[in-house]
Amino acid sequence: MTTRLLCLGASVLLAVTGQTGTAGARDLPDTYVVSRAPGVLPEGITVARDGTVYVSSDGTGRLFRGHVSDPGLRPFPARGIDDRTSTLGVHTDQRGRVHSVGGASLTVHDARGRLLARRAAQDGPLGPADLNDLVITEDAVYATDWANPVVHRAELRHGRLGPMRPWLDIRSAFPQFPAQYWLLNGIVADRAGETLLVASNGTEALWRVDTATRAVEQVQMGGESFGADGMVLRGRTLYAVLNHGAPNGVYVAELSADLRAGVVRHRITGERFDLPTTLARHGCRLYVVNSQLDDPPGEPPYTVSAIADPTCPQAG
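Here the residue numbering is sequential within each chain, running from 1 through the sequence in written order. Confidence filtering applies because this is a predicted model: local features only for residues at pLDDT of at least 70, side-chain atom pairs given and counted only at 80 or more, and all residues used for totals across whole chains, interfaces and linings. In computing side-chain values, all of the structure's heavy atoms are included and hydrogens and water are not.

Peer 1: Provide a residue-level description of the overall build of the protein chain, including the pertinent values.
Peer 2: Summing up its helical and strand segments, the protein chain has 2 helices and 24 strands in all. Taking 316 residues into account, the globule formula puts the C-alpha radius of gyration at 20 Å, and the protein chain, at 18 Å, falls close to it. Exposed residues in this analysis have more than 50% of their type's maximum accessible area, buried residues have under 20%, and partly exposed residues fall in between, with area computed by a 1.4 Å probe over protein chains only. Out of the 316 residues belonging to the protein chain, those deemed buried represent 57%. Across the protein chain, every contact between residues at least 6 apart in sequence was considered, and the portion connecting residues at least 24 apart equals 53%. Total accessible area on the protein chain stands at roughly 12800 Å², and carbon and sulfur atoms take up 48% of it. Runs of H or I in DSSP of at least four residues are treated as helices and runs of E of at least two as strands, each being numbered from the N terminus. Atoms counted for the radius of gyration: C-alpha only. Globule rule: 2.2 Å times the number of residues to the power 0.38. For this analysis, residues touch if any pair of their heavy atoms sits within 4.5 Å. Only the protein chains shown count as cover for residues, and the accessible areas themselves come from Shrake-Rupley with a 1.4 Å probe.

Peer 1: I'd like to hear about the nonpolar core, residue by residue, with values.
Peer 2: Buried Ala, Val, Leu, Ile, Met, Phe, Trp, Tyr and Cys residues form a nonpolar core when they are joined through side-chain atoms within 4.5 Å. In this structure, Y32, I45, V53, V55, L73, Y287 and V304 are the most contacted members of the largest nonpolar core, which totals 20 residues. Apart from the residues lying within four places of it in its own chain, the contact partners of V304 are D30, T31, Y32, V34, I45, V55, Y287, V288, V289 and N290.

Peer 1: Account for the state of the cysteines, with residues named and values stated.
Peer 2: By disulfide we mean two sulfur atoms from cysteines, separated by a distance within 2.5 Å. Inspection of the entire model under this criterion finds 1 disulfide. Between the sulfur atoms of C284 and its disulfide mate C312 the distance is 2.1 Å. Handedness of the C284-C312 disulfide follows from its S-S torsion of about -95°: it is left-handed. Here C312 lies in the segment after β24 (302–308) and C284 lies in the loop between β22 (276–282) and β23 (285–290), a separation of 28 residues in the sequence. With respect to burial, C284 and C312 carry one shared label: buried.

Peer 1: For the sheet that holds strand β8 (residues 105–109), give the residues involved together with the corresponding values.
Peer 2: Here, strands pair whenever DSSP counts at least two bridges between them. As summarised here, the arrangement of the 4 strands in space is β6-β7-β8-β9, forming an open sheet in which the pairing is antiparallel. Where the open sheet ends on each side, the last strands, each with one partner, are β6 (90–92) and β9 (115–120). In this sheet, neighbouring strand axes are inclined to one another by 15° on average, regardless of whether the strands run parallel or antiparallel. Sheet topology note: the β8/β9 ladder contains 5 bridges and is antiparallel. Convention adopted: a line fitted to C-alpha atoms gives each axis, helices being fitted over their contacting stretch, and angles between N-to-C directions are expressed from 0 to 180 degrees.

Peer 1: I'd love a proper account of the sheet that holds strand β17 (residues 216–218), names of residues and values included.
Peer 2: Across the sheet, 4 strands lie side by side as β14-β15-β16-β17; this open sheet has antiparallel pairing. Edge strands, defined here as strands with exactly one partner in the open sheet, are β14 (184–189) and β17. Direction aside, neighbouring strands of the sheet carry axes that sit 25° apart on average. Two elements, β14 and strand β15 (residues 195–200), share 4 bridges in a ladder whose sense is antiparallel. Across the sheet, A189 pairs through a bridge with L196, a residue of β15.

Peer 1: Give a description of unusual backbone geometry that names residues and reports values.
Peer 2: Glycine aside, residues mostly have negative phi, and peptide bonds are mostly found in the trans state. For the bond from P296 to P297, the omega torsion is 5°, close enough to zero to count as cis. On the secondary structure map, P297 appears in the loop between β23 and β24. Cis rather than trans, the peptide bond between P300 and P301 has omega equal to 0°. Counting through the fold element by element, P301 comes out in the loop between β23 and β24. Unlike most non-glycine residues, H158 shows phi in positive territory, near 55°. Its place among the elements puts H158 in the loop between β12 (150–157) and β13 (160–169).

Below, the structure written as structure tokens:
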């Protein structure tokens, strides 16, 4: 099996209402420097509606913040995570609050870095939780567990986050597959929060979960390996980073209306990326994390690459 460093997943959001004009996109940087400090190893990313960028560090557990108009990010003063040596998935909600996961903890911060909530995941069937990525729906936060074949869930009620509990043991979908090799990575949800898509690095497949029934089935991708790391779902368009089972890069798939099948329409690979782990979408651009996790501690500067969304009309 590949090492955890090669395939850690995490993060992805936000599909943004409206699109950036072509002229504005030309004025934006192509490369963003997350940090020049040794050992940061960026992993997750999210871009809020206003263009604020948050990037997580697998190497230090810290968070970094910037804006799509500025090529440099700075440390984000997130309180209450000093004991977290690795932060992976990071997302913002509609209120601009920053949700992130690392180790067994899910934290929520406001825009000033004040800690609003911290929830610990319970141990799974194989041992302590190792949260990888998360998705925020209207009524819950779901998180994947790299160390256990489990999806965790924390209920959201009137903006308040409930306890994090084991919600789905995904082994029921493929019971003959070894439990320790599921290696759950990216997770996204449809707009209604009725369907989750969960990537499994170990099975090299994408799994569809009905949130009402917890029924699990494999998404049919035409026989292609699709053990994605980070993902973004925008309507029926799935943007995914692959770094195992296929050439490293960004893959854009068109899914069926019921999200049960899909076809890859675009593959963006090559030397422009340095072991990409995840991506975010803002306007008609995709922001891809260059993790350098294949050769830790890597070599500063640690960066994010911005590329055109191939599904946008101006991309053609």
